[in-house]
Amino acid sequence: MERKVSRICFASEPDIIHFLQIAWERTLASGFVITLTDGQSAWTGTVSESEISQEADDMAMEKEKYVDELRKVLISGGGPADAYKFDFSKESCHFSFEKNLKDVSFRLGSFNLEKVASPAEVIRKLICDCLDTIAENQAKNEHLQKENERLLRDWNDIQGRFEKCVSAKEALETDLYKRFILVLNEKKAKIRSLHKLLNEVQEPERNIEREREATTCSEMTADRDAVYDESTDEESENLPDPSVLAPATSRDDSIISSPDVTDIAPSRKRRQRMQKNLGTEPKMASQVTQPQEKENRRTC
């Protein structure tokens, strides 16, 4: 059976402290036992489940909500001291309690108690229950204290292991980083050597390609020069031969200077006609060679 002891003051006797004990088996809704004492006299009563249901109906409240209100006022302390008001009539042994809401108060419950013939026994039992509760709470506190100490030791042990793991992890990372640097440097050196070998292998090929390009350029230049020379020969072939013209001129001169010429005028006309013919032949040759030179340049 669970028990709860609290101190209360009545509205009719605010200077006198009374002790209220509530004991129940399973839950508060199944019924409970009330014990009230002022240190000299004692009163007790039993509240059944039906009475609790009747009080809830009288209050027009659900039973669960009403039981919750009973738990607050009789067991949990119910918040501020002026939130609830208790009253007890020693003549009628009527115990009641109300809830204050600002300027309004309403009755939560009222129960009839009976005066105990031997209050000393009730008070002694109440004191023993209080001491048992205190001892039980102390045992719980000691158990919780030991549990807290154990958890603290475990936490310190775990923290130490964690610090060791962190140190080992950092050492492992440092070792792996050093190994990685060594492997990376080896790979870099290997890549450099392979690159150097590749350049050495490719260099002869590049020289061969350069020689081929130079040979191709020289051949192209030679072909162009040959084409240009051929065009020049053709032009020279088209030019008039001075050896052919020279005898004609000398023959004309001999004819002119010949003493056998009797008429000067006809010989002068003939000479002028011959000079005109000689002046037009080179011009015609030059006009013929110009289109040939243009065609040769286009082919180059």
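Before any of the text, the structure's been laid out above.
Everything quoted here is computed from the prediction, not taken from an experiment.

Trainee: Looking at this model, I keep getting lost on the side chain of Glu-55. Mind explaining?
Mentor: Positionally, Glu-55 belongs in helix α1 (residues 49-58). Beyond its immediate sequence surroundings of up to four residues, Glu-55 is in contact with Tyr-66, Arg-107, Leu-108, Gly-109, Ser-110 and Phe-111.

Trainee: Teacher, can you tell me more about the sheet that holds strand β7 (residues 104-112) here?
Mentor: Adjacent strands of a sheet form backbone hydrogen bonds with each other and so pair up, either parallel or antiparallel. Read from one edge to the other, the open sheet built from three strands follows the order β5-β6-β7, with strand pairing classed as antiparallel. Both edges of this open sheet fall to β5 (84-89) and β7, since each of them pairs with a single strand only. Averaged over all adjacent pairs, the angle separating strand axes in this sheet is 20°, with direction ignored. Pairing geometry for β5 and strand β6 (residues 94-101), over six bridges, is antiparallel. If you follow Phe-86 over to β6, its bridge partner there is Phe-97.

Trainee: For this particular structure, what's the right way to read α1?
Mentor: In an α-helix there are 3.6 residues to a turn, and that puts residues three or four apart on one side. All of the buried residues along α1 are Ile-52, Glu-55 and Ala-56. Within α1, the buried residues cover an arc of 100° as seen down the axis, which keeps them to one side. Exposed and oriented more than 90 degrees from the buried face of α1 are Ser-50 and Asp-57. On the buried face of α1, the contacting elements are β3 (31-37), β4 (42-48), α2 (63-76) and β7. Immediately downstream of α1, the backbone of Ala-60 shows phi near 55°, a positive value.

Trainee: Help me understand the packing of α1 against α2, please; the structure alone is not making it clear to me.
Mentor: A pair of packed helices can be characterised by two numbers: the angle between their axes and the separation between those axes. Packing of α1 against α2 brings their axes to within 9 Å, and their N-to-C directions diverge by 105°. The orientation of α1 relative to α2 falls into the category roughly perpendicular. Here α1 contributes Glu-49, Ile-52, Ser-53, Glu-55 and Ala-56 to the contact with α2, which in turn contributes Lys-63, Tyr-66, Val-67 and Leu-70. Split into classes, the residues belonging to the contact of α1 with α2 amount to five nonpolar, one polar and three charged.

Trainee: Help me understand unusual backbone geometry in this model?
Mentor: A negative phi angle is the norm for most residues apart from glycine, just as the trans form is the norm for most peptide bonds. Phi is positive for Ala-60, close to 55°, though the residue is something other than glycine. Position of Ala-60 among the secondary structure elements: in the loop between α1 and α2. Here Ala-60 falls in the exposed class, since its relative accessible area comes to 70%. In this model, Cys-93 sits at a positive phi of 55°, which is unusual for a non-glycine residue. For Cys-93, the location among the structural elements is in the loop between β5 and β6. Relative accessible area serves as the criterion here: at 11%, Cys-93 is assigned to the buried category.

Cut-off values and rules
- Residues numbered from 1 in each chain as written.
- Predicted model: local features only at pLDDT ≥ 70, side-chain atom pairs only at ≥ 80, totals over all residues.
- Heavy atoms only, no water.
- Helix = DSSP H or I, 4+ residues; strand = E, 2+ residues; numbered from the N terminus.
- Contact = heavy atoms within 4.5 Å.
- Pairing = 2+ DSSP bridges.
- Axes fitted to C-alpha atoms, helices over the stretch in contact; angles between N-to-C directions.
- Buried < 20%, exposed > 50% of the residue type's maximum accessible area, 1.4 Å probe, protein only.
- Arc of directions from axis to C-beta.
- Parallel < 35°, antiparallel > 145°, perpendicular 65-115°, else oblique.
- Nonpolar A, V, L, I, M, F, W, Y, C, P; charged D, E, K, R; others polar.

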